[in-house]
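# Descriptive analysis of the structure
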Amino acid sequence: MHSDRAPLSLKIAAAAGLLFMHVPILLIFAYAFTTEEKSFAWPPPGLTLKWFEVTWNRPDVWAALQLSLKVAAISTGMALVLGAFCAAAVSRSRFFGRETISLMVILPIALPGVVTGIALRSAFSIADVPFSTWTIVLGHATFCVVVVYNNAVARFRRTSGSLIEASMDLGANSFQTLRHVIMPNIATALLVGGMLAFALSFDEVIVTTFTAGQQQTLPIWMLEELVRPRERPVTNVVAMVVVLVTLLPILGAYYLTRGTDQVAGQGK
Amino acid sequence: MSMARTGSLPPREHGAGIGTWISDVLWRHPAVLIVLLLLPPALWLGIIYLGSLFALLVQSFFSIDHFTGLIRYEFTLDTYAQLFRPSNFDIILRTVTMAICVSLASAAISFPIAYFAARYARGAWRAVFYLGIMMPLWSSYLVKIYAWKLILAKEGILTWALQGLHLEWLLDAFLALPVIGGNSLSVSTTGTFIVFVYVWLPFMVLPIQAALERVPTSMLEASGDLGARPGQTFRHVLLPLALPGVIAGSIFTFSLTLGDYIIPQIIGTSRLFIGQAVYQHQGIAGNIPLAAAFAVVPILIMGVYLWIAKRMGAFDAL
């Protein structure tokens, strides 16, 4: 049984690594309740719920949250359509330029965000496009496609093509086959891809700084607080809320892909 | 092929409707379906994304008139030559050095986590490790940076912990060091390094874990049976087999470090990294050509890196 027991040193190193990954995030929760306003003093001199009320009454936080949710929702919708189409085409047949298509989908996430950002920014200025919600969406949808694509492609690969042929043989047309055979098969993969795309867009800041102009998404609001801190307690509360909001889609994605060999979110 | 397909179609009644007609056309001509499916994503990515990238590349061959501040639309390599001025070349060297250090440190920290998760974690522990790696990966990037600002601040938790252990002198001695030291950890290069490692760590754990899961346990047992000490097994058996995973992970850590401009801006010194240079040249300075040339640097470095990685089989571990 010797080989089934991990050596103590490995256990300690793995545990220490996991702690290193989690303790900083947990600290955020403690700071949201601190009574200290001006500094990051630890330990917190006292605990209070006051800052939740203050944050709740801040119109700028609500406006930023609203814009973030709107952008994430539209970008996810677009990414779902583009990613699913692309995955369906790539997995259904081998055609010329198939590798190029895969590369093109992955490129926006493989290249540093600052490159994508400045490329879009300079393209907007060349084409004289004014900044709007849509310029942000344009950037977000571009790099969200890959998450949907990865999840959908993995599912299509495991879905047997003979199911589609059987459906057609039994007299269903393409639309009926799509609705009754293909969609039920790939629905959870699309749901997972969509949730991850939503989380990715909701949190994105690097590309957004280039495509937002004067608009504030929640990450941009936070970035400004980080660069020029004005109200630390409000930032603490917003940070905690953001952690909780992004956690939900991840737990949902985990729940839906449990027990399959595909690892959701691996292709961030 | 098409004969067989046509033959397999069930007989249709007359007036079966437009849906059936479309279905028949798509079934007889699968290429039409592929084209229809591919057209939206190809147009989107081809025009919006590749088009923008191409426009950026073109601009890097223009230059800026230093008297008027306007862009001169003539082909020139001057802007690229500016990259080799000491002040600019330092930025590139600093960023690449940081990317190398961050990748090595992430690999060292990730390996035990990935190895334990791949080989020993069973049942409930498997879920713990899976979520334990996924949650930091998907937690908000800015919140993670913010958390470290709280930790590294002079009055923050790290100083408090070291005071409790009576080790402040150690921190002070470390901060007195040139280059990596500074006034406090949150305004030092070490701080930048720690945050980079922290933020990109999950990107390294996942590919290493994927590579390690494919290593058969029997191979490690055979190595032990043949008399290798654990250290020797690690060096001669485990590490070579895990190397594609490490390289795949380093693609992420390397690329993300090269392009980041927010972490060094919030936690670190005033010395610039490539991402910050791009941001400043396009923003305040309005020097789009130089910003574009700076943006081409990480693309080129990543191109070379990916080529080497592909030769070492790293893509199988992705």
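Just so you know, these numbers come straight off a predicted model, no measurement behind them.

What follows covers the overall build of chain A. When helices and strands are tallied, chain A shows 11 helices and 0 strands. From first element to last, N terminus to C terminus, chain A shows the α and β order α-α-α-α-α-α-α-α-α-α-α. Across the 268 residues of chain A, 46% fall into the buried class. Of the contacts made within chain A by residues no fewer than 6 positions apart, 77% connect residues no fewer than 24 positions apart.

We now examine the overall build of chain B. Counting secondary structure elements, chain B contains 15 helices and 2 strands. Computed over C-alpha atoms, the radius of gyration of chain B comes to 27 Å, more than 25% over the 20 Å expected from 2.2 N^0.38 for 318 residues, which places it beyond the range of a compact globule. By its C-alpha atoms, chain B is 90 × 75 × 35 Å across when sized along the principal axes. In chain B, buried positions account for 42% of the 318 residues.

Moving on: the environment of L70(B). Secondary-structure assignment places L70(B) in the loop between β1 (63–64) and β2 (71–72). Separated by 35 residues in the primary sequence, L70(B) and V35(B) place their C-alpha atoms 43 Å from one another.

Here we come to the nonpolar core. In globular proteins that are soluble, nonpolar side chains generally tend to be buried together. With 164 residues, the main nonpolar core has V148(A), I145(B), W200(B) and V278(B) as its most contacted residues. Residue contributions to this core peak at 17 residues, all from helix α10 (residues 189–213) of chain B. Summarising the domain contributions, this core has at least three residues from each of domain 1 (2–53) and domain 2 (84–317) of chain B. Sequence-distant contacts of I145(B), that is, excluding residues within four places in its chain, are made with L226(A), V195(B), V199(B), I262(B), I263(B), I266(B) and I267(B).

With that out of the way, let us pick up the interface of chain B and chain A. Contacts between the two partners involve 79 residues from chain B and, on the opposite side, 74 residues from chain A. Here the side of chain B that touches chain A takes 17 residues from helix α3 (residues 30–59) of chain B, the largest share from any one element. Split into classes, the residues belonging to the side of chain B that touches chain A amount to 58 nonpolar, 17 polar and 4 charged.

Further remarks concern the confidence of the model for chain B. Residues and elements named next belong to chain B. Averaged over all residues, the pLDDT of chain B is 84; the fraction at 70 or higher stands at 93%. Element-level pLDDT for chain B is lowest in helix α1 (residues 2–8), with a mean of 45, against a maximum mean of 93 in helix α5 (residues 86–120). Here residues 1–8 scores under 50 on pLDDT; set against residues more than four positions off or in separate chains, the count is 5 contacts.

Take unusual backbone geometry next. Here D128(A), not a glycine, exhibits a phi torsion of approximately 60°, which is positive. Judged by C-beta crowding, with 6 C-beta atoms within 10 Å, D128(A) ranks as exposed. For H166(B), which is not glycine, the phi torsion reads 60° and is therefore positive. Following the sequence through the fold, H166(B) ends up in the loop between α8 (157–164) and α9 (168–175). C-beta crowding within 10 Å serves as the criterion here: with 8 such atoms nearby, H166(B) is assigned to the exposed category.

Between its first and last C-alpha atoms helix α6 (residues 124–138) of chain B spans 21 Å; for 15 residues at 1.5 Å apiece the expected length is 21 Å, and the two agree. Among the residues of α6(B), those classed as buried are F129(B), G132(B), I133(B), M134(B), M135(B), P136(B) and W138(B). Along its buried surface, α6(B) packs onto α1 (8–31), α8 (174–203) and α11 (232–257) of chain A together with α5 and α10 of chain B.

Residues and elements named next belong to chain A. Secondary-structure assignment places P44 in the loop between α1 and α2 (50–56). Note on P44: 15 C-beta atoms within 10 Å, which makes it partly exposed. Expressed as a C-alpha distance, the spacing of P44 and A32, which sit 12 residues apart in the sequence, is 9.9 Å. Setting aside residues up to four positions removed in sequence, P44 forms contacts with A30, F33, T34, T35 and E36.

Moving on, we come to the environment of A291(B). Mapped onto the elements, A291(B) comes out in helix α15 (residues 288–311). Non-local contacts of A291(B), meaning those with residues more than four positions away in its chain, are made with I118(A), V278(B), H281(B) and Q282(B).

This paragraph deals with the packing of helix α3 (residues 59–92) of chain A against helix α6 (residues 133–158) of chain A. All names here are of chain A. Look at α3 against α6: their axes get within 5 Å of each other, and the N-to-C directions meet at 40°. Comparing the axis directions of α3 and α6 gives the class oblique. Crossing of α3 against α6: the hand is right-handed. Along the lines of polarity and charge, the residues of the contact of α3 with α6 split into 22 nonpolar, 6 polar and 2 charged.

Here we take up the confidence of the model for chain A. Within chain A, residue pLDDT values average 83, and 94% of them lie at 70 or more. Across residues 261–268 of chain A, confidence stays below pLDDT 50; counting only partners more than four residues off in sequence or on other chains, it has 21 contacts.

Definitions and cut-offs
Residues numbered from 1 in each chain as written. Chains lettered and ligands numbered in written order. Predicted model: local features only at pLDDT ≥ 70, side-chain atom pairs only at ≥ 80, totals over all residues. Helix = DSSP H or I, 4+ residues; strand = E, 2+ residues; numbered from the N terminus. Buried ≥ 20, exposed ≤ 12 C-beta atoms within 10 Å, placed from the backbone. Contact = placed C-beta atoms within 7 Å. Rg over C-alpha atoms; globule rule 2.2 N^0.38 Å. Core = buried A, V, L, I, M, F, W, Y, C linked by C-beta atoms within 7 Å. Domains from an automatic or database assignment. Nonpolar A, V, L, I, M, F, W, Y, C, P; charged D, E, K, R; others polar. pLDDT = per-residue confidence, 0-100. Expected span 1.5 Å × (residues − 1). Axes fitted to C-alpha atoms, helices over the stretch in contact; angles between N-to-C directions. Parallel < 35°, antiparallel > 145°, perpendicular 65-115°, else oblique. Left-handed = near helix turned anticlockwise from the far one by under 90°.

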